[in-house]
Amino acid sequence: VTEIVMKWVVSAREMRNIDERTISRIGIPGAVLMERAGLQIVESCMSIFGSVSGKSVFVFCGKGNNGGDGFVVSREMKRRGANVSIFVFAKQSDLKGDSKKNYDIVRKMGISTNHVTSVPQVNRIPGDCDIIIDALLGTGIHGEVTGINSTAISKINSMIGYVVSVDMPSGLNTDTGSFMGDCVEADLTVTMGLIKRGQILYPGKMQTGVLNIADIGFPERAISPEKVKTFLIEKNDVLSFLPNRMPYFYKGDCGRILILGGSPGMTGAPTLTAQAALKSGAGMTLIGVPEGLNPVFEQKLTETMTLPLPETEDGFISLEAEKKIMDALLWADVLAIGPGIGRDPETIELIHAVLGNAEMPVVIDADALFAIAKKPTILKKRKYNTVITPHLGEFSRLISRGDTAALRDDRIELVRKTTRSLQTVLLLKGAPTLTSGPGGDVIVNSTGNAGMATAGSGDVLTGIISGLIGQGAGLTEAAVSGAYLHGLAGDFASDEFGEISVTAGDINDFLPYAFEDLFGRYRQGES
(Lines give C-alpha, C1' and ligand atoms only; values in the text may rest on other atoms or scores of the structure.)
Protein backbone atom coordinates (compact mmCIF):
# COMPACT_ATOMS: atom_id res chain seq x y z
CA VAL A 1 0.00 0.00 0.00
CA THR A 2 1.28 3.46 -0.90
CA GLU A 3 2.59 5.42 2.09
CA ILE A 4 0.03 7.98 3.21
CA VAL A 5 1.14 11.58 2.50
CA MET A 6 -2.25 13.26 2.83
CA LYS A 7 -3.33 15.98 5.24
CA TRP A 8 -3.93 14.81 8.79
CA VAL A 9 -7.46 15.03 10.20
CA VAL A 10 -7.53 14.94 14.01
CA SER A 11 -9.97 14.32 16.82
CA ALA A 12 -10.28 16.60 19.84
CA ARG A 13 -8.21 14.18 21.93
CA GLU A 14 -5.46 13.95 19.32
CA MET A 15 -5.32 17.73 19.05
CA ARG A 16 -5.11 18.15 22.82
CA ASN A 17 -2.24 15.66 22.94
CA ILE A 18 -0.37 17.43 20.15
CA ASP A 19 -0.87 20.79 21.83
CA GLU A 20 0.32 19.44 25.19
CA ARG A 21 3.33 17.74 23.62
CA THR A 22 4.29 20.95 21.80
CA ILE A 23 4.22 22.95 25.02
CA SER A 24 5.54 20.51 27.62
CA ARG A 25 7.97 18.31 25.67
CA ILE A 26 9.11 20.50 22.77
CA GLY A 27 9.07 23.61 24.93
CA ILE A 28 7.16 26.08 22.76
CA PRO A 29 5.22 28.22 25.26
CA GLY A 30 1.44 28.28 25.03
CA ALA A 31 1.62 32.07 24.86
CA VAL A 32 3.66 31.79 21.65
CA LEU A 33 1.08 29.47 20.06
CA MET A 34 -1.70 31.85 21.14
CA GLU A 35 0.13 34.81 19.62
CA ARG A 36 0.65 32.99 16.33
CA ALA A 37 -2.99 31.90 16.25
CA GLY A 38 -4.24 35.44 16.72
CA LEU A 39 -1.93 36.79 14.02
CA GLN A 40 -3.04 34.11 11.56
CA ILE A 41 -6.68 35.00 12.11
CA VAL A 42 -5.97 38.68 11.47
CA GLU A 43 -4.05 37.77 8.30
CA SER A 44 -7.00 35.66 7.12
CA CYS A 45 -9.35 38.60 7.65
CA MET A 46 -7.02 40.93 5.78
CA SER A 47 -6.86 38.51 2.85
CA ILE A 48 -10.62 38.95 2.53
CA PHE A 49 -11.10 42.63 3.38
CA GLY A 50 -7.75 44.01 2.30
CA SER A 51 -7.26 46.53 5.05
CA VAL A 52 -9.22 46.28 8.31
CA SER A 53 -8.59 49.94 9.08
CA GLY A 54 -11.87 51.63 9.95
CA LYS A 55 -13.76 48.31 10.07
CA SER A 56 -16.00 47.61 13.04
CA VAL A 57 -14.93 44.35 14.69
CA PHE A 58 -16.86 42.60 17.46
CA VAL A 59 -14.88 39.90 19.27
CA PHE A 60 -16.85 37.32 21.28
CA CYS A 61 -14.51 35.70 23.82
CA GLY A 62 -14.98 32.75 26.16
CA LYS A 63 -12.98 32.08 29.30
CA GLY A 64 -10.55 29.51 27.86
CA ASN A 65 -7.67 29.57 25.39
CA ASN A 66 -10.08 30.16 22.51
CA GLY A 67 -10.98 33.44 24.18
CA GLY A 68 -7.27 34.12 24.63
CA ASP A 69 -6.82 33.85 20.87
CA GLY A 70 -9.67 36.34 20.57
CA PHE A 71 -7.86 38.84 22.82
CA VAL A 72 -4.78 38.60 20.59
CA VAL A 73 -6.99 39.18 17.54
CA SER A 74 -8.53 42.21 19.24
CA ARG A 75 -5.14 43.73 19.97
CA GLU A 76 -3.80 43.17 16.45
CA MET A 77 -7.00 44.40 14.81
CA LYS A 78 -6.79 47.56 16.91
CA ARG A 79 -3.15 48.01 15.95
CA ARG A 80 -4.18 47.90 12.29
CA GLY A 81 -6.79 50.61 12.70
CA ALA A 82 -9.99 48.62 13.30
CA ASN A 83 -12.69 49.77 15.69
CA VAL A 84 -12.71 46.85 18.13
CA SER A 85 -15.29 45.92 20.76
CA ILE A 86 -14.71 42.86 22.97
CA PHE A 87 -17.52 40.91 24.62
CA VAL A 88 -16.29 38.51 27.29
CA PHE A 89 -18.78 35.79 28.21
CA ALA A 90 -17.23 35.13 31.60
CA LYS A 91 -16.33 36.92 34.77
CA GLN A 92 -12.90 38.47 35.01
CA SER A 93 -12.08 36.03 37.80
CA ASP A 94 -12.74 33.08 35.44
CA LEU A 95 -9.84 34.04 33.14
CA LYS A 96 -6.60 32.15 33.74
CA GLY A 97 -3.08 31.73 32.37
CA ASP A 98 -2.20 32.98 28.90
CA SER A 99 -5.78 34.03 28.27
CA LYS A 100 -5.73 36.30 31.34
CA LYS A 101 -2.38 37.81 30.29
CA ASN A 102 -3.74 38.78 26.89
CA TYR A 103 -6.94 40.07 28.48
CA ASP A 104 -4.85 42.37 30.69
CA ILE A 105 -3.00 43.67 27.62
CA VAL A 106 -6.16 44.66 25.74
CA ARG A 107 -7.52 46.37 28.84
CA LYS A 108 -4.30 48.39 29.19
CA MET A 109 -4.53 49.30 25.50
CA GLY A 110 -7.91 50.85 26.20
CA ILE A 111 -9.88 48.53 23.93
CA SER A 112 -13.59 48.46 24.78
CA THR A 113 -14.07 45.35 26.93
CA ASN A 114 -17.52 44.26 28.11
CA HIS A 115 -18.26 41.34 30.44
CA VAL A 116 -21.56 39.71 29.43
CA THR A 117 -23.20 37.44 31.98
CA SER A 118 -26.94 37.91 31.41
CA VAL A 119 -29.44 37.76 28.56
CA PRO A 120 -30.35 41.47 28.77
CA GLN A 121 -26.66 42.30 28.31
CA VAL A 122 -26.53 40.10 25.19
CA ASN A 123 -29.60 41.86 23.79
CA ARG A 124 -27.87 45.23 24.16
CA ILE A 125 -25.04 44.18 21.81
CA PRO A 126 -25.55 46.04 18.47
CA GLY A 127 -26.90 43.86 15.67
CA ASP A 128 -24.43 44.64 12.93
CA CYS A 129 -20.72 45.24 12.31
CA ASP A 130 -18.18 44.43 9.61
CA ILE A 131 -16.41 41.44 11.20
CA ILE A 132 -17.56 39.14 14.01
CA ILE A 133 -14.85 37.03 15.66
CA ASP A 134 -16.22 33.87 17.31
CA ALA A 135 -13.69 32.99 20.03
CA LEU A 136 -16.16 31.51 22.47
CA LEU A 137 -15.69 27.76 22.84
CA GLY A 138 -13.18 26.12 20.48
CA THR A 139 -12.65 22.35 20.25
CA GLY A 140 -13.79 21.15 23.66
CA ILE A 141 -17.54 20.87 23.05
CA HIS A 142 -19.18 17.42 23.14
CA GLY A 143 -22.73 18.03 24.37
CA GLU A 144 -25.32 20.75 24.05
CA VAL A 145 -24.26 24.35 24.62
CA THR A 146 -26.43 25.97 27.28
CA GLY A 147 -26.71 29.16 29.31
CA ILE A 148 -25.08 32.41 28.31
CA ASN A 149 -22.89 30.73 25.66
CA SER A 150 -26.01 29.47 23.88
CA THR A 151 -27.45 32.98 23.97
CA ALA A 152 -24.17 34.37 22.60
CA ILE A 153 -24.20 31.92 19.69
CA SER A 154 -27.79 32.85 18.84
CA LYS A 155 -26.75 36.50 18.90
CA ILE A 156 -23.83 35.89 16.52
CA ASN A 157 -26.08 34.02 14.09
CA SER A 158 -28.66 36.85 14.12
CA MET A 159 -26.12 39.61 13.43
CA ILE A 160 -25.19 41.20 10.12
CA GLY A 161 -21.46 40.83 9.56
CA TYR A 162 -18.78 38.43 8.31
CA VAL A 163 -18.34 35.67 10.90
CA VAL A 164 -14.86 34.27 11.54
CA SER A 165 -14.62 31.32 13.94
CA VAL A 166 -11.41 30.70 15.85
CA ASP A 167 -10.32 27.06 15.45
CA MET A 168 -13.89 25.68 15.50
CA PRO A 169 -17.39 27.18 15.15
CA SER A 170 -18.63 27.44 18.73
CA GLY A 171 -21.09 24.67 19.55
CA LEU A 172 -19.76 22.23 16.94
CA ASN A 173 -18.59 18.78 18.05
CA THR A 174 -14.96 18.47 16.97
CA ASP A 175 -15.14 14.71 16.44
CA THR A 176 -18.51 14.15 14.78
CA GLY A 177 -19.47 17.37 13.00
CA SER A 178 -22.80 17.30 14.82
CA PHE A 179 -24.28 19.77 17.27
CA MET A 180 -27.16 19.97 19.67
CA GLY A 181 -28.86 23.29 20.23
CA ASP A 182 -27.04 26.37 18.96
CA CYS A 183 -23.92 26.40 16.76
CA VAL A 184 -22.21 29.34 15.10
CA GLU A 185 -22.71 29.57 11.33
CA ALA A 186 -19.26 30.75 10.27
CA ASP A 187 -18.35 32.32 6.95
CA LEU A 188 -14.71 31.44 7.63
CA THR A 189 -13.07 29.14 10.15
CA VAL A 190 -9.36 29.51 10.84
CA THR A 191 -8.28 26.24 12.43
CA MET A 192 -4.97 25.81 14.20
CA GLY A 193 -2.39 23.47 12.74
CA LEU A 194 -4.51 20.54 11.62
CA ILE A 195 -7.96 19.87 10.18
CA LYS A 196 -10.51 18.69 12.75
CA ARG A 197 -12.91 15.86 11.92
CA GLY A 198 -16.02 17.92 12.58
CA GLN A 199 -14.99 20.51 9.98
CA ILE A 200 -15.23 18.05 7.08
CA LEU A 201 -18.13 15.90 8.28
CA TYR A 202 -21.70 17.08 7.81
CA PRO A 203 -23.47 19.06 9.13
CA GLY A 204 -20.31 20.59 10.60
CA LYS A 205 -18.87 21.34 7.17
CA MET A 206 -21.80 23.66 6.49
CA GLN A 207 -21.27 25.51 9.80
CA THR A 208 -17.53 25.84 9.13
CA GLY A 209 -17.78 27.87 5.94
CA VAL A 210 -14.44 28.38 4.19
CA LEU A 211 -11.72 26.48 6.08
CA ASN A 212 -8.25 27.99 6.46
CA ILE A 213 -5.54 25.89 8.11
CA ALA A 214 -3.24 28.15 10.10
CA ASP A 215 0.35 27.00 10.62
CA ILE A 216 1.12 28.10 14.17
CA GLY A 217 4.22 25.99 14.55
CA PHE A 218 3.29 22.52 15.77
CA PRO A 219 6.52 20.58 15.09
CA GLU A 220 6.46 17.18 13.40
CA ARG A 221 7.89 15.66 16.58
CA ALA A 222 4.79 16.78 18.44
CA ILE A 223 2.43 15.39 15.79
CA SER A 224 4.00 12.08 14.67
CA PRO A 225 3.85 10.30 18.09
CA GLU A 226 0.07 10.69 17.94
CA LYS A 227 -0.02 8.26 14.98
CA VAL A 228 -2.96 10.05 13.37
CA LYS A 229 -4.75 7.63 11.04
CA THR A 230 -7.41 9.83 9.47
CA PHE A 231 -6.60 11.83 6.33
CA LEU A 232 -8.09 14.11 3.70
CA ILE A 233 -7.54 13.13 0.06
CA GLU A 234 -6.49 15.82 -2.41
CA LYS A 235 -5.52 16.06 -6.06
CA ASN A 236 -1.79 15.34 -5.72
CA ASP A 237 -2.48 12.29 -3.55
CA VAL A 238 -4.70 10.81 -6.26
CA LEU A 239 -2.06 11.46 -8.90
CA SER A 240 0.43 9.41 -6.86
CA PHE A 241 -2.08 6.55 -6.51
CA LEU A 242 -3.01 6.11 -10.18
CA PRO A 243 -1.30 3.37 -12.20
CA ASN A 244 0.99 4.34 -15.08
CA ARG A 245 -0.26 3.74 -18.62
CA MET A 246 2.74 2.89 -20.75
CA PRO A 247 2.85 3.89 -24.44
CA TYR A 248 3.24 0.28 -25.61
CA PHE A 249 0.18 -1.08 -23.76
CA TYR A 250 -2.61 -2.83 -25.63
CA LYS A 251 -6.12 -3.55 -24.37
CA GLY A 252 -5.10 -6.72 -22.56
CA ASP A 253 -2.61 -4.76 -20.45
CA CYS A 254 -5.24 -2.34 -19.21
CA GLY A 255 -7.47 -4.76 -17.36
CA ARG A 256 -10.24 -7.23 -18.13
CA ILE A 257 -13.32 -6.53 -16.01
CA LEU A 258 -16.11 -9.08 -15.51
CA ILE A 259 -19.34 -7.49 -14.25
CA LEU A 260 -22.11 -9.68 -12.84
CA GLY A 261 -25.44 -7.94 -12.55
CA GLY A 262 -28.78 -7.15 -14.07
CA SER A 263 -32.28 -8.48 -13.49
CA PRO A 264 -35.77 -7.63 -14.76
CA GLY A 265 -36.23 -3.87 -14.51
CA MET A 266 -32.56 -3.34 -13.57
CA THR A 267 -30.61 -3.34 -16.83
CA GLY A 268 -29.30 0.20 -16.35
CA ALA A 269 -27.14 -0.49 -13.28
CA PRO A 270 -24.57 -2.90 -14.80
CA THR A 271 -24.60 -0.86 -18.01
CA LEU A 272 -23.43 2.21 -16.07
CA THR A 273 -20.77 0.11 -14.33
CA ALA A 274 -19.39 -1.20 -17.62
CA GLN A 275 -19.30 2.26 -19.18
CA ALA A 276 -17.56 3.74 -16.15
CA ALA A 277 -14.92 1.00 -16.12
CA LEU A 278 -14.09 1.73 -19.75
CA LYS A 279 -14.02 5.49 -19.24
CA SER A 280 -11.66 4.88 -16.30
CA GLY A 281 -9.18 3.14 -18.57
CA ALA A 282 -10.13 -0.55 -18.47
CA GLY A 283 -9.09 -2.38 -21.62
CA MET A 284 -12.05 -4.77 -21.87
CA THR A 285 -15.35 -5.35 -20.11
CA LEU A 286 -17.55 -8.44 -20.09
CA ILE A 287 -20.99 -8.30 -18.51
CA GLY A 288 -22.63 -11.49 -17.22
CA VAL A 289 -26.43 -11.14 -17.30
CA PRO A 290 -29.58 -13.28 -17.22
CA GLU A 291 -29.86 -14.89 -20.63
CA GLY A 292 -33.39 -13.59 -21.17
CA LEU A 293 -32.11 -10.03 -20.89
CA ASN A 294 -29.07 -10.53 -23.10
CA PRO A 295 -30.74 -8.99 -26.22
CA VAL A 296 -31.41 -5.84 -24.16
CA PHE A 297 -27.77 -5.54 -23.17
CA GLU A 298 -26.64 -6.24 -26.72
CA GLN A 299 -28.64 -3.17 -27.73
CA LYS A 300 -27.53 -0.97 -24.79
CA LEU A 301 -23.80 -1.68 -24.94
CA THR A 302 -21.49 -1.19 -27.89
CA GLU A 303 -18.02 -1.49 -26.39
CA THR A 304 -18.83 -4.22 -23.84
CA MET A 305 -19.10 -7.96 -24.48
CA THR A 306 -22.01 -9.88 -22.97
CA LEU A 307 -22.15 -13.28 -21.29
CA PRO A 308 -25.69 -14.78 -21.22
CA LEU A 309 -26.16 -16.78 -18.00
CA PRO A 310 -28.76 -19.34 -16.91
CA GLU A 311 -31.64 -17.70 -15.09
CA THR A 312 -34.37 -18.55 -12.60
CA GLU A 313 -38.07 -18.65 -13.49
CA ASP A 314 -38.30 -15.03 -12.41
CA GLY A 315 -35.43 -13.94 -14.63
CA PHE A 316 -32.58 -13.63 -12.11
CA ILE A 317 -29.13 -15.21 -12.56
CA SER A 318 -29.44 -18.77 -11.26
CA LEU A 319 -27.11 -21.06 -9.36
CA GLU A 320 -26.60 -23.02 -12.58
CA ALA A 321 -24.54 -20.08 -13.84
CA GLU A 322 -21.67 -20.84 -11.45
CA LYS A 323 -19.64 -23.00 -13.86
CA LYS A 324 -19.93 -20.48 -16.69
CA ILE A 325 -18.96 -17.63 -14.35
CA MET A 326 -15.93 -19.50 -13.00
CA ASP A 327 -14.76 -20.09 -16.56
CA ALA A 328 -15.14 -16.39 -17.31
CA LEU A 329 -13.10 -15.53 -14.21
CA LEU A 330 -10.13 -17.31 -15.81
CA TRP A 331 -10.25 -14.52 -18.43
CA ALA A 332 -10.88 -11.64 -16.02
CA ASP A 333 -8.50 -9.59 -13.87
CA VAL A 334 -11.25 -8.05 -11.71
CA LEU A 335 -14.79 -9.04 -10.77
CA ALA A 336 -17.44 -6.39 -10.10
CA ILE A 337 -20.55 -7.96 -8.64
CA GLY A 338 -23.92 -6.63 -7.57
CA PRO A 339 -25.25 -3.80 -9.76
CA GLY A 340 -28.90 -4.63 -10.41
CA ILE A 341 -28.36 -8.34 -9.67
CA GLY A 342 -31.43 -8.63 -7.42
CA ARG A 343 -32.18 -10.52 -4.22
CA ASP A 344 -33.54 -13.82 -5.46
CA PRO A 345 -32.57 -16.56 -2.93
CA GLU A 346 -30.87 -18.58 -5.65
CA THR A 347 -28.91 -15.55 -6.81
CA ILE A 348 -27.79 -14.90 -3.24
CA GLU A 349 -26.55 -18.48 -3.03
CA LEU A 350 -24.70 -17.99 -6.31
CA ILE A 351 -23.04 -14.81 -5.02
CA HIS A 352 -21.79 -16.68 -1.96
CA ALA A 353 -20.39 -19.46 -4.13
CA VAL A 354 -18.66 -17.12 -6.59
CA LEU A 355 -17.11 -14.96 -3.87
CA GLY A 356 -15.90 -18.02 -2.02
CA ASN A 357 -13.98 -19.23 -5.08
CA ALA A 358 -12.94 -16.08 -6.98
CA GLU A 359 -9.17 -15.79 -6.58
CA MET A 360 -8.89 -12.22 -7.81
CA PRO A 361 -9.78 -8.69 -6.69
CA VAL A 362 -13.52 -8.20 -6.30
CA VAL A 363 -15.62 -5.03 -6.00
CA ILE A 364 -18.94 -5.69 -4.25
CA ASP A 365 -21.88 -3.30 -4.48
CA ALA A 366 -25.65 -3.03 -4.32
CA ASP A 367 -27.58 -6.30 -3.97
CA ALA A 368 -24.38 -8.30 -3.59
CA LEU A 369 -23.89 -6.37 -0.33
CA PHE A 370 -27.32 -7.59 0.74
CA ALA A 371 -26.13 -11.13 0.07
CA ILE A 372 -22.88 -10.55 1.96
CA ALA A 373 -24.74 -9.24 5.01
CA LYS A 374 -26.17 -12.74 5.37
CA LYS A 375 -22.72 -14.33 5.34
CA PRO A 376 -19.98 -11.73 6.17
CA THR A 377 -17.42 -14.43 7.01
CA ILE A 378 -16.84 -14.73 3.25
CA LEU A 379 -15.05 -11.38 3.39
CA LYS A 380 -12.68 -12.51 6.14
CA LYS A 381 -11.70 -15.55 4.10
CA ARG A 382 -10.89 -13.31 1.13
CA LYS A 383 -8.50 -11.21 3.30
CA TYR A 384 -8.38 -7.70 1.85
CA ASN A 385 -8.76 -8.89 -1.74
CA THR A 386 -12.16 -7.19 -1.79
CA VAL A 387 -13.59 -3.68 -1.95
CA ILE A 388 -17.09 -3.21 -0.55
CA THR A 389 -18.94 0.02 -1.33
CA PRO A 390 -22.01 0.33 0.93
CA HIS A 391 -24.11 3.42 1.52
CA LEU A 392 -25.18 4.10 5.09
CA GLY A 393 -28.22 1.79 4.96
CA GLU A 394 -26.22 -1.11 3.52
CA PHE A 395 -23.45 -0.48 6.04
CA SER A 396 -25.99 -0.56 8.86
CA ARG A 397 -27.25 -3.94 7.65
CA LEU A 398 -23.72 -5.27 7.29
CA ILE A 399 -22.76 -4.49 10.89
CA SER A 400 -26.24 -5.21 12.29
CA ARG A 401 -26.89 -1.67 13.48
CA GLY A 402 -30.46 -0.60 12.82
CA ASP A 403 -30.23 3.14 13.54
CA THR A 404 -28.51 4.82 10.60
CA ALA A 405 -28.79 8.23 12.29
CA ALA A 406 -26.63 6.97 15.17
CA LEU A 407 -24.04 5.70 12.68
CA ARG A 408 -23.47 9.21 11.33
CA ASP A 409 -21.89 10.45 14.54
CA ASP A 410 -19.26 7.74 14.76
CA ARG A 411 -18.67 6.92 11.13
CA ILE A 412 -14.90 7.31 11.09
CA GLU A 413 -14.25 4.90 13.94
CA LEU A 414 -16.95 2.47 12.78
CA VAL A 415 -15.40 2.33 9.31
CA ARG A 416 -11.96 1.74 10.83
CA LYS A 417 -13.27 -0.98 13.16
CA THR A 418 -15.34 -2.73 10.47
CA THR A 419 -12.44 -2.76 8.00
CA ARG A 420 -10.29 -4.60 10.53
CA SER A 421 -13.08 -6.92 11.58
CA LEU A 422 -14.13 -7.99 8.08
CA GLN A 423 -10.62 -7.78 6.61
CA THR A 424 -11.81 -5.88 3.58
CA VAL A 425 -11.26 -2.53 1.92
CA LEU A 426 -14.34 -0.55 2.92
CA LEU A 427 -15.67 2.50 1.09
CA LEU A 428 -18.65 4.05 2.88
CA LYS A 429 -20.52 6.21 0.40
CA GLY A 430 -21.92 9.46 1.68
CA ALA A 431 -21.15 13.10 2.34
CA PRO A 432 -18.26 12.74 2.61
CA THR A 433 -17.25 9.30 1.41
CA LEU A 434 -14.86 7.45 3.74
CA THR A 435 -12.42 4.72 2.71
CA SER A 436 -10.36 2.41 4.91
CA GLY A 437 -7.90 -0.34 4.09
CA PRO A 438 -5.67 -2.92 5.80
CA GLY A 439 -3.62 -0.41 7.78
CA GLY A 440 -6.66 1.07 9.49
CA ASP A 441 -6.21 4.49 7.91
CA VAL A 442 -9.48 6.27 7.12
CA ILE A 443 -9.35 8.58 4.10
CA VAL A 444 -11.98 11.30 3.77
CA ASN A 445 -12.94 12.28 0.23
CA SER A 446 -12.89 15.96 -0.71
CA THR A 447 -14.99 16.01 -3.90
CA GLY A 448 -18.67 15.56 -4.74
CA ASN A 449 -21.96 17.36 -4.23
CA ALA A 450 -25.63 16.77 -3.41
CA GLY A 451 -26.51 16.39 -7.09
CA MET A 452 -24.85 12.97 -6.98
CA ALA A 453 -27.65 11.66 -4.76
CA THR A 454 -29.25 10.06 -7.80
CA ALA A 455 -30.02 6.51 -8.92
CA GLY A 456 -27.05 4.80 -10.57
CA SER A 457 -24.37 7.02 -9.08
CA GLY A 458 -23.00 4.13 -7.02
CA ASP A 459 -22.93 1.86 -10.08
CA VAL A 460 -20.66 4.38 -11.78
CA LEU A 461 -18.35 4.37 -8.75
CA THR A 462 -18.13 0.56 -8.86
CA GLY A 463 -17.05 0.77 -12.48
CA ILE A 464 -14.38 3.39 -11.80
CA ILE A 465 -12.84 1.41 -8.95
CA SER A 466 -12.91 -1.82 -10.97
CA GLY A 467 -11.28 -0.10 -13.94
CA LEU A 468 -8.47 1.31 -11.79
CA ILE A 469 -7.78 -2.05 -10.15
CA GLY A 470 -7.71 -3.68 -13.58
CA GLN A 471 -4.93 -1.29 -14.59
CA GLY A 472 -2.82 -2.24 -11.61
CA ALA A 473 -3.85 0.11 -8.79
CA GLY A 474 -3.87 -1.34 -5.28
CA LEU A 475 -7.35 -1.92 -3.89
CA THR A 476 -7.18 0.84 -1.27
CA GLU A 477 -5.65 3.28 -3.73
CA ALA A 478 -8.27 2.40 -6.35
CA ALA A 479 -11.11 2.94 -3.88
CA VAL A 480 -9.72 6.27 -2.64
CA SER A 481 -8.93 7.51 -6.16
CA GLY A 482 -12.24 6.21 -7.49
CA ALA A 483 -14.18 8.17 -4.88
CA TYR A 484 -12.21 11.33 -5.70
CA LEU A 485 -12.66 11.00 -9.49
CA HIS A 486 -16.33 10.06 -9.09
CA GLY A 487 -16.92 13.17 -6.99
CA LEU A 488 -14.90 15.39 -9.31
CA ALA A 489 -16.90 14.20 -12.34
CA GLY A 490 -20.05 14.91 -10.33
CA ASP A 491 -18.76 18.40 -9.55
CA PHE A 492 -18.17 19.10 -13.24
CA ALA A 493 -21.64 17.77 -14.07
CA SER A 494 -23.15 19.97 -11.37
CA ASP A 495 -21.30 23.00 -12.72
CA GLU A 496 -22.73 22.26 -16.16
CA PHE A 497 -26.32 21.35 -15.31
CA GLY A 498 -26.91 22.37 -11.69
CA GLU A 499 -27.19 19.92 -8.79
CA ILE A 500 -30.89 19.25 -9.30
CA SER A 501 -30.48 17.88 -12.82
CA VAL A 502 -27.38 15.69 -12.49
CA THR A 503 -27.88 12.02 -13.46
CA ALA A 504 -25.57 9.03 -13.17
CA GLY A 505 -25.10 9.17 -16.91
CA ASP A 506 -23.85 12.74 -16.57
CA ILE A 507 -21.25 11.60 -14.03
CA ASN A 508 -20.08 9.00 -16.55
CA ASP A 509 -19.97 11.60 -19.31
CA PHE A 510 -17.80 13.93 -17.23
CA LEU A 511 -15.34 11.25 -16.14
CA PRO A 512 -12.95 12.11 -19.01
CA TYR A 513 -12.91 15.72 -17.81
CA ALA A 514 -12.13 14.56 -14.27
CA PHE A 515 -9.14 12.57 -15.48
CA GLU A 516 -7.96 15.42 -17.69
CA ASP A 517 -8.31 17.88 -14.80
CA LEU A 518 -6.23 15.57 -12.66
CA PHE A 519 -3.44 15.58 -15.23
CA GLY A 520 -3.69 19.34 -15.76
CA ARG A 521 -5.22 19.35 -19.21
CA TYR A 522 -8.91 20.03 -18.52
CA ARG A 523 -10.22 22.53 -21.08
CA GLN A 524 -6.72 23.85 -21.57
CA GLY A 525 -6.68 27.25 -23.20
CA GLU A 526 -10.24 28.15 -22.29
CA SER A 527 -10.82 31.35 -20.38
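Preceding this section is the structure that the text describes.
Nothing here was measured: the structure is a model prediction, and the numbers come from that model.

1. Focus: the nonpolar core
Alright, step 1. Residues Ile 233, Val 387, Val 460, Ile 465, Leu 468 and Ile 469 are the most contacted members of the largest nonpolar core, which totals 52 residues.
Alright, step 2. Looking at this core, the element that brings in the most residues is helix H20 (residues 475-497), giving 11 residues.
Alright, step 3. Excluding anything up to four places from it in sequence, Ile 233 contacts Met 6, Val 238, Phe 241, Ile 443, Val 444, Asn 445, Ser 446, Val 480 and Tyr 484.
Alright, step 4. Core analysis: the next-biggest nonpolar cluster, separate from the first, contains 49 residues, Ile 325, Ile 341, Val 415 and Val 442 among them.

2. A closer look at unusual backbone geometry
Alright, step 1. A cis geometry characterises the amide bond from Tyr 202 onward to Pro 203, with omega recorded as 5 degrees.
Alright, step 2. Residue placement: Pro 203 occurs in the loop between strand E8 (195-196) and helix H7 (204-208).
Alright, step 3. In this chain, Ala 431 is followed by Pro 432 through a cis amide linkage whose omega measures 0 degrees.
Alright, step 4. Residue position: Pro 432 is located in the loop between strand E17 (425-428) and strand E18 (434-436).
Alright, step 5. Phi at Ala 366 takes a positive value of approximately 55 degrees, unusual for a residue other than glycine.
Alright, step 6. Relative to the elements of secondary structure, Ala 366 occurs in the loop between strand E15 (362-364) and helix H14 (367-373).
Alright, step 7. Even without glycine at this site, Tyr 384 takes up a positive phi of about 60 degrees.
Alright, step 8. As for its position among the elements, Tyr 384 is in the loop between helix H15 (377-382) and strand E16 (386-388).

3. Details of the sheet that holds strand E5 (residues 128-135)
Alright, step 1. A sheet is described by the order of its strands in space; here seven strands give the open sequence E4-E3-E2-E5-E6-E7-E9, paired in parallel fashion. Two strands in the sheet have a free side with no partner beyond their single neighbour: strand E4 (112-115) and strand E9 (210-214). Direction aside, neighbouring strands of the sheet carry axes that sit 20 degrees apart on average.
Alright, step 2. Its contacts with the sheet place helix H3 (residues 65-79) against strand E2 (56-61), strand E3 (83-88), E5 and strand E6 (160-166), and it is angled at close to 145 degrees to E5.
Alright, step 3. Packing against the sheet, helix H6 (residues 147-158) makes contact with E2, E5 and E6, and its axis sits at approximately 160 degrees to E2.

4. Structural notes on helix H10 (residues 268-279)
Alright, step 1. Over its 12 residues, H10 runs 16 Å from end to end, which matches the ideal 16 Å to within 8%, given 1.5 Å per residue.
Alright, step 2. Tucked inside the fold, the buried residues of H10 contact strand E11 (256-260), strand E12 (284-290), helix H11 (294-300), helix H19 (457-470), helix H21 (504-509) and helix H22 (511-518).
Alright, step 3. Within two residues after H10, Gly 281 carries a phi angle of roughly 110 degrees, on the positive side.

5. Looking at the environment of Ser 53
Alright, step 1. Mapped onto the elements, Ser 53 comes out in the loop between helix H2 (30-49) and E2.
Alright, step 2. In this structure Ser 53 comes out as partly exposed when scored by relative accessible area, which is 47%.
Alright, step 3. Linking Ser 53 and Ala 82, residues 29 residues apart in sequence, is a C-alpha distance of 4.6 Å.
Alright, step 4. Other than its neighbours up to four places away in sequence, Ser 53 contacts Arg 80, Gly 81 and Ala 82.

Definitions and cut-offs
Residues numbered from 1 in each chain as written. Predicted model: local features only at pLDDT ≥ 70, side-chain atom pairs only at ≥ 80, totals over all residues. Heavy atoms only, no water. Core = buried A, V, L, I, M, F, W, Y, C linked by side-chain atoms within 4.5 Å. Buried < 20%, exposed > 50% of the residue type's maximum accessible area, 1.4 Å probe, protein only. Helix = DSSP H or I, 4+ residues; strand = E, 2+ residues; numbered from the N terminus. Contact = heavy atoms within 4.5 Å. Pairing = 2+ DSSP bridges. Axes fitted to C-alpha atoms, helices over the stretch in contact; angles between N-to-C directions. Expected span 1.5 Å × (residues − 1).

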